[in-house]
Amino acid sequence: MYGLEVTVVVLAVVVAVTWPARRLRWNEPVMLVAGGCLLGLTPDFRTLVLPPEVVLLLFLPPLLYWESLTTSLREIRTNVRGIMLLGTGLVLATAAAVAAVGHALGLSWPLALVLGAVVAPTDAIAVAAVARALPRRMRTILRAESLINDGTALALYAVVVGVVVEGQVFSWWGTVARFLLAYAGGVAIGAACAAVVVVVRTRLHDRAVESALSVLTPFATYLPAEAVGVSGVLSVVTCGLVLSQLGPKVISAGARVQVVGFWEVSTFILNSALFVLVGIQTPAVLSAVSSVSLGHAVVTALLVSGVVIATRLLWLYSVPYLIRAVDRREVQRSLRSGARQRFPVAWSGVRGAVSLAAALAVPATTVEGRPLEGRSLLVFTAVSVILVTLVLQGTTMPAVIRWAGLRGDPAESAEERLAYRRIAAAALEALPDQAGRLSTPAETADAVLSELRQYALEDAQAPDATGRGVQAGLELRRALIGVKRGALIRLRDERSIDDIVLRRLQTLLDSEEIRIELALHAVTDRSPVPPAGGTGDPRGRAPGE
């Protein structure tokens, strides 16, 4: 089949599966994989091969970029030690445990280490799908872990594949140096790309071009890092995290609404299509085992799946308690959770498309041209681990969350109320100066003042900016949005509110600003619609910010 035909069929499966899955509250990733498996049994798709570079270049950068843009940097800072232990220490521990089991079951040590590197990382997309109901802190820890551990696992994978395929001499010091280079280089390139994007954005006043730049960013960040031999994953994640902090200051409201809408749709399509493609590959992979008997392959797959799950459970119920015995600072005590509340995090080790892409990318022959014995068993085991974790852990996650007694984060609602009050107070303080600058009639300024006072006292939603329909009032309201946005960003920078709260209220301010722009366009009959902002600054900032 042609690429366009495959794309249309895959998208049709995404729509056909997602709609009933959401209506019936079934596990979407599992249903998408099942739909892909059925598709993979048909003659036209039975021989379809998913090129690993498609996952590693077309799917991975945009999905990781959007995940890092929408996560909470404040929560990452607060829980950085636990995240790094999961994203690095647990990956290496899982790879070592799997390698030991794989070697005991007949794989050579180098190939067993390749298998360990392949199945060690959790999948950012799969984890996000099963962890939606978790409290903010746990959800952020899992998302950040899955963003980091891809870089760790792929760096380890590159080392051990070089040993297996090219006959390179394994060196502990060389491996450590390669890890450090991959991490430091990826972070440096990601930060540099983010700085370039910020500089370019401050000079762009065209929403379409800004949106195009947003689409380009993850790929333009990933490719240079991979070209120089460092972690493209960490480069994209670093760029996304930096832009999550600087973006609200340099992106106009209209462009942000447009970009967010695009990313929400495109990441949904990419995410869902990836699960379908995993399912399509499954029948062919499961039937391609040739180096061992099917029974031996099934036993290997089940044992490795058990080791992957057990290693995570053991890690989460041992390492944190060892750290508690050493670090007894009050700030760390406040972050502790009980054994029951810890279990959802321990049970969230879902594997996904990154493991499949890494397994399929293992060359079929060595550099001398000899067949790589055991490769088919490795791919079979990797696919089995994906399916076992998706089905077993993914489908039981809602019950696990209920059993753990986890509820929503009350601090998030409190922060949202605080933000409502503070941005209204900032607007009240700036109103006289803005009204004077715009020569707003006194009665109009008084009407806006009354709205803001009600907004500050009652924590209501943003008032209807177009209700009074008077140009002077609209211009004053538009000017005050810049003040509100500045106050909101300062709250985030002071760590009084979380990035998630900022984005939620920022969406309301953006919607309000766009309504005002449309109303002003209707009142003044201007064409084209001016860029969002209206204070002389296309970013919507108040003068002096």
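Further up the page is the structure itself.
Note that the structure is predicted; figures quoted are calculated from it, not measured. (Residues numbered from 1 in each chain as written. Predicted model: local features only at pLDDT ≥ 70, side-chain atom pairs only at ≥ 80, totals over all residues. Heavy atoms only, no water.)

### What about unusual backbone geometry?
Okay, so step 1: A positive phi angle is found at Arg-25, which is not glycine, with a value near 60°.
Okay, so step 2: Relative to the assigned elements, Arg-25 resides in the loop between α1 (3-24) and α2 (28-40).
Okay, so step 3: Given a relative accessible area of 79%, Arg-25 falls into the exposed group.
Okay, so step 4: Positive phi, normally seen in glycine, also occurs at Arg-495, with a value near 65°.
Okay, so step 5: On the accessibility criterion, Arg-495 (48% relative accessible area) is partly exposed. (Helix = DSSP H or I, 4+ residues; strand = E, 2+ residues; numbered from the N terminus. Buried < 20%, exposed > 50% of the residue type's maximum accessible area, 1.4 Å probe, protein only.)

### What about the environment of Glu-429?
Okay, so step 1: Mapped onto the elements of the fold, Glu-429 is located in helix α20 (residues 410-437).
Okay, so step 2: Placed 51 residues apart in sequence, Glu-429 and Leu-480 show a C-alpha to C-alpha distance of 9.9 Å.

### A few points about α2
Okay, so step 1: Helix length check: α2 (13 residues) gives 18 Å between terminal C-alpha atoms against 18 Å at 1.5 Å per residue, within 8%.
Okay, so step 2: Along α2, the positions that sit buried rather than exposed are Glu-28, Pro-29, Val-30, Leu-32, Val-33, Gly-35, Gly-36, Leu-39 and Gly-40.
Okay, so step 3: Close packing links the buried residues of α2 with α1, α3 (43-46), α8 (124-130), α13 (253-286) and α19 (375-404).
Okay, so step 4: By the N-cap criterion, in which a side-chain oxygen at the helix start approaches the backbone nitrogen of a residue two or three places on, α2 is capped by Asn-27, the distance to Val-30 being 3.0 Å. (Expected span 1.5 Å × (residues − 1). Contact = heavy atoms within 4.5 Å. Polar contact = N/O pair within 3.5 Å; in protein donor to acceptor, adjacent residues only side chain to side chain.)

### Re the nonpolar core
Okay, so step 1: Core analysis: the largest hydrophobic core is formed by 126 residues, its most contacted members being Val-114, Val-118, Val-119 and Leu-378.
Okay, so step 2: Among the elements that make up this core, the one with the highest residue count is helix α9 (residues 136-166) (14 residues).
Okay, so step 3: When sequence neighbours within four positions are dropped, the list of residues in contact with Val-119 reads Val-98, Val-304, Val-308, Arg-351, Ser-355, Ala-382 and Val-385.
Okay, so step 4: With 29 residues, the next largest nonpolar core counts Val-448, Leu-480, Ile-489 and Leu-509 among its residues. (Core = buried A, V, L, I, M, F, W, Y, C linked by side-chain atoms within 4.5 Å.)

### A word on the packing of aromatic side chains
Each aromatic ring pair is specified by the distance between its two centres and by the angle formed by the two planes.
Okay, so step 1: Scanning the model with the defined rule gives five aromatic pairs in all.
Okay, so step 2: A ring pair is formed by Trp-66 and Trp-263, whose centres lie 6.3 Å apart and whose planes are at 10°; its orientation type is stacked. Of this pair, Trp-66 sits in helix α4 (residues 52-69) while Trp-263 sits in helix α13, and the two are 197 residues apart along the sequence.
Okay, so step 3: You can call Trp-263 buried: its relative accessible area is 2%.
Okay, so step 4: The structure contains a cluster of three or more aromatic residues connected by ring pairs, namely Tyr-65, Trp-66, Phe-262 and Trp-263.
Okay, so step 5: In this arrangement the basic side chain of Arg-342 is found over the ring face of Tyr-321, its NZ or CZ atom lying 5.3 Å from the centre. (Phe/Tyr/Trp six-rings, centres within 6.5 Å; stacked < 30°, edge-to-face > 60°. Lys NZ or Arg CZ within 6 Å of the ring centre and 35° of its normal.)

### Details of the state of the cysteines
Okay, so step 1: Per the counting criterion, the structure on display carries zero disulfides.
Okay, so step 2: Its sulfur unpaired, Cys-193 is 5.9 Å from the next cysteine sulfur, which belongs to Cys-239. (Disulfide = S-S within 2.5 Å.)

### Observations regarding the pattern of salt bridges
Okay, so step 1: Here the structure, examined in full by the defined rule, presents 18 salt bridges.
Okay, so step 2: For the salt bridge of Arg-136 with Asp-498, the shortest nitrogen-to-oxygen distance reads 3.6 Å. In this pair, Arg-136 is assigned in helix α9 and Asp-498 in the loop between α22 (471-493) and α23 (499-524), connecting sequence segments 362 residues apart.
Okay, so step 3: Among the salt bridges present, the one from Arg-312 reaches Glu-145, with a minimum N-O distance of 2.8 Å. (Salt bridge = Lys/Arg side-chain N within 4 Å of Asp/Glu carboxyl O.)

### Things to note about the packing of helix α14 (residues 294-316) against α19
Okay, so step 1: Two numbers describe how α14 lies on α19: the axes approach to 8 Å, and their chain directions differ by 50°. Between α14 and α19, the angle is such that the two are oblique. Crossing of α14 against α19: the hand is right-handed. The residues of α19 that touch α14, namely those facing Leu-294, Ala-297, Val-298, Thr-300, Ala-301, Val-304, Ser-305, Val-308 and Ile-309, are Leu-377, Phe-380, Thr-381, Ser-384, Val-385, Val-388, Thr-389, Leu-392 and Gln-393.
Okay, so step 2: Classifying every residue of the contact of α14 with α19 gives twelve nonpolar, six polar and no charged. (Axes fitted to C-alpha atoms, helices over the stretch in contact; angles between N-to-C directions. Parallel < 35°, antiparallel > 145°, perpendicular 65-115°, else oblique. Left-handed = near helix turned anticlockwise from the far one by under 90°. Nonpolar A, V, L, I, M, F, W, Y, C, P; charged D, E, K, R; others polar.)

So yeah, pure geometry; function would need other evidence.
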